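A closer look at the structure
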Amino acid sequence: MKVYIHVPFCHAKCAYCDFYSTPRRELMEAYVDAVGHEWSHLHVTEAPDTIYLGGGTPSSLPLPLLDRLISHIPVTAPLREFTIEANPEDVTPGWVGHIAGNTMIDRVSMGIQTFDDDILQFIGRRHSGHQAAEAVRIMREGGVGNLSCDLIYGLPGQTLDAWRDDLDRLLTLRPEHISAYLLSYEPRTRLGVMLSKGKVTEASDELAEAMYAHLCEATRAAGYEHYEISNFALPGRRALHNSSYWDGSEYIGLGPGAHSMAGGRRWYNPSDLRAYIDRQGREVRVFEEEDDKNLFNDLIITSLRTASGLNPARIPAKFAEQFHRTASRLTDLGQLASSPDGHIYIPEDRWLTSDAILVELIEV
């Protein structure tokens with residue numbers, strides 16, 4: 001069982017972020033206690049093998065509250081992975097010493113986004129490029145041996161040369177894992193509003209493709225495996241928890257805004273911290289009814305995000321004939337390929353435009 005805990009607190013809202021978060025630190029303690037009540041109320045009998053603290057900004061929690069939050073999830077066997085997301089400005093020797101020495105956390109996922117100070121300021125980040133590099137140094141000296149770093153490309157004003165510089169700086173730091181995302185202008189975000197008003201310009205398709213091509217080339221040359229559209233890992237360092245979202249494993253999400261898939265059902269908690277606290281994490285779930293078509297589409301979309309691709313044996317019989325007919329046509333066009341073990345996958349050079357391929361395969 002995989003457990004995700006959404007920590008919905010941030011110092012400030014970044015201009016591109018569409019995840020649920022709030023700056024209301026006075027609610028942190030009540031939130032932590034509500035998570036404990038939610039977990040107890042779910043009566044989960046299977047012990048977790050991975051835990052992921054995401055957000056929001058989990059590193060913004062005071063250490064006593066972080067410890068209390070972790071204590072709510074009983075661990076009866078060694079975890080395969082325990083990740084916490086962090087921002088560079090929260091990484092201090094004291095913070096690192098605590099998580100490395102006093103908790104089960106063995107992996108940190110840090111949001112750098114870019115090393116360009118002007119762009120960082122424009123998108124509302126609170127750290128500098130130097131602080132990001134310094135945070136990596138502090139974590140290494142503090143004993144963090146499994147580090148993932150996030151970058152974003154296609155940022156406003158970002159050139160191909162600037163993107164190359166970002167990658168060069170990150171690869172020099174040698175994190176075990178890299179997540180790199182093409183900027184998405186979500187309508188409700190500050191950047192999304194600015195785009196709609198013509199105050200920023202979206203990266204052209206040509207620029208985005210050139211950035212993506214360099215990303216693939218540079219990470220490959222540095223020894224990273226490109227195992228999912230946006231994710232790259234050194235050998236043996238894939239994100240175990242996140243991989244569960246792509247391979248069909250069950251997971252439980254705790255906290256406001258969290259999603260779950262377990263026992264053949266999907267549900268989510270509404271993004272409302274006040275209501276979540278008032279109800280002590282109980283009776284907040286909203287179940288999503290899924291039919292055979294939705295389950296098939298989920299299988300296609302999640303499997304084809306990965307280098308491993310889709311095992312045709314998993315395709316339900318009622319959809320198999322149409323799927324294979326379409327897949328054969330897309331293979332002839334070079335948009336799909338088959339591995340030696342018979343799995344169907346999207347070639348790496350087509351991943352950036354994979355949505356157009358997936359539309360051809362899903363049932364509508």
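Residues numbered from 1 in each chain as written. Predicted model: local features only at pLDDT ≥ 70, side-chain atom pairs only at ≥ 80, totals over all residues. Heavy atoms only, no water.

On to the overall build of the protein chain, then. What the protein chain contains, in helices and strands, is 13 helices and 14 strands. The globule rule puts the C-alpha radius of gyration for 364 residues at 21 Å, and the 21 Å found for the protein chain is close to it. Dimensions of the protein chain, computed from the C-alpha atoms along their principal axes, are close to 60 × 50 × 45 Å. Counting all 364 residues of the protein chain, 50% fall into the buried class. The long-range fraction of contacts in the protein chain, counting pairs at least 24 apart against all pairs at least 6 apart in sequence, stands at 69%. Accessible surface, the protein chain as shown: approximately 16500 Å² in total, 50% of it carbon and sulfur. (Helix = DSSP H or I, 4+ residues; strand = E, 2+ residues; numbered from the N terminus. Rg over C-alpha atoms; globule rule 2.2 N^0.38 Å. Buried < 20%, exposed > 50% of the residue type's maximum accessible area, 1.4 Å probe, protein only. Contact = heavy atoms within 4.5 Å. Areas by Shrake-Rupley, 256 points an atom, 1.4 Å probe, with all protein chains shown as cover.)

Mapped onto the elements of the fold, aspartate 49 is located in the loop between helix H1 (28-42) and strand S2 (50-55). The contacts of aspartate 49, once residues within four sequence positions are left out, are Met1, Lys2, Leu79, Arg80 and Glu81.

Now for the pattern of salt bridges. Inspection of the entire model under this criterion finds 22 salt bridges. Here aspartate 161 and arginine 164 are joined by a salt bridge, their closest N and O atoms 3.2 Å apart. Residue aspartate 161 and its partner arginine 164 are located together in helix H6 (residues 160-173), separated by 3 residues, close to a single helical turn. By relative accessible area, aspartate 161 is classed as partly exposed at 49%. (Salt bridge = Lys/Arg side-chain N within 4 Å of Asp/Glu carboxyl O.)

Below, the discussion takes up the environment of serine 109. Residue placement: serine 109 occurs in strand S4 (residues 107-113). For serine 109, a relative accessible area of 7% translates into the label buried. On a C-alpha basis, the gap between serine 109 and aspartate 166 in space is 17 Å, while along the polypeptide they are 57 residues apart. Beyond its immediate chain neighbours, meaning those up to four positions away, serine 109 contacts Tyr52, Thr83, Ile84, Glu85, Ala86, Ser148 and Asp150.

Another point: helix H8 (residues 205-221). Helix length check: H8 (17 residues) gives 24 Å between terminal C-alpha atoms against 24 Å at 1.5 Å per residue, within 8%. Those residues of H8 that fall on the buried side of the exposure criterion are Ala208, Met211, Tyr212, His214, Leu215, Cys216, Ala218 and Thr219. Contact partners of the buried residues in H8: strand S5 (147-153), H6, strand S6 (177-182), strand S7 (225-228) and strand S8 (231-233). (Expected span 1.5 Å × (residues − 1).)

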